[in-house]
Amino acid sequence: RFIDGNTNGVEDSWEYGWFGGTDKFRATADSDDDGLSDHSEYIAGTDPTRSDSRLIVENGFSGRNATVRFFARSSAGVGYEGLSRYYRLEWTTNVLAPNWQDVKGVVDIVGSNEWVSWTEMTPFPKRYYRLKARLQ
C-alpha cells in the first residue's frame with residue numbers, strides 16, 4: 001500500500017529509509033550531486049546518496065546501425081510496494097524540440113532487472129534518444 005502522508009509523490013517509507021524522515025526529503029534537491037533530483041532518483045530506483053548509482057543507458061554503432069540499450073530496473077524494495085516501474089524510449093532529430101517521438105516497441109517496458117536493447121537500421125537523419133521512467 002502506497003503511503004504518502006506529506007503528498008509529495010514519494011512513498012513515506014522510502015523517505016525514512018534514505019533521509020531519516022519525511023521532513024528531511026526535498027524533491028528538487030540533488031543529495032549526491034549527480035544531476036538527478038532526489039525525486040527522480042526515487043522514480044528511477046537509484047541511490048540518492050551515491051553519484052555512481054544512476055539509470056544505465058548505452059548506445060553504439062555498427063556500420064550505419066545504431067543500438068540503444070538500457071537496464072530496466074524493477075520496482076522492488078522499500079517504498080515501492082504495489083508499484084511497477086515502466087520505461088519508454090523516445091527519439092528526436094533536435095534535442096531542443098518539444099515533440100519527442102516514441103520508439104515503436106519500446107514503450108511501457110516493465111522493469112524486471114534485465115537489459116532492453118533496440119536497434120535502428122540505418123538511421124537517417126541523425127537521431128537523438130532519451131529514456132523516461134515512471135512508477136505506477
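Refer to the structure above for everything that follows.
Notes on the structure follow. (Residues numbered from 1 in each chain as written. Predicted model: local features only at pLDDT ≥ 70, side-chain atom pairs only at ≥ 80, totals over all residues. Heavy atoms only, no water.)

## Points about a nonpolar patch on the surface
A cluster of nonpolar residues, V95, L96 and Y128, forms a patch on the protein surface that exposes about 320 Å² of accessible area. Position of L96 relative to the elements: it lies in the loop between strand 3 (85-92) and strand 4 (101-110). (Patch = residues over 30% accessible without salt bridge, like charges linked within 9 Å, V, L, I, M, F, W, Y side chains within 5 Å. Areas by Shrake-Rupley, 256 points an atom, 1.4 Å probe, with all protein chains shown as cover. Salt bridge = Lys/Arg side-chain N within 4 Å of Asp/Glu carboxyl O. Helix = DSSP H or I, 4+ residues; strand = E, 2+ residues; numbered from the N terminus.)

## Structural notes on the side chain of T92
Mapped onto the elements, T92 comes out in strand 3. Taking relative accessible area as the criterion, T92 reaches 5% and is therefore assigned buried. In this structure the side chain of T92 is engaged in a polar contact, spanning 3.2 Å, whose partner is the backbone oxygen of N94. Residues within four places of T92 in sequence aside, it is in contact with A97, N99, W100, K126, R127 and Y128. (Buried < 20%, exposed > 50% of the residue type's maximum accessible area, 1.4 Å probe, protein only. Polar contact = N/O pair within 3.5 Å; in protein donor to acceptor, adjacent residues only side chain to side chain. Contact = heavy atoms within 4.5 Å.)

## Some points on the pattern of salt bridges
Pairs may arise between side chains of opposite charge once their charged atoms sit close together. What the rule picks out here adds up to seven salt bridges. Here D102 ties to R88 by a salt bridge, and the two come within 2.8 Å at their closest N and O atoms. In this pair, D102 is assigned in strand 4 and R88 in strand 3, connecting sequence segments 14 residues apart. With a shortest N-O distance of 3.4 Å, E120 and R127 are connected by a salt bridge.

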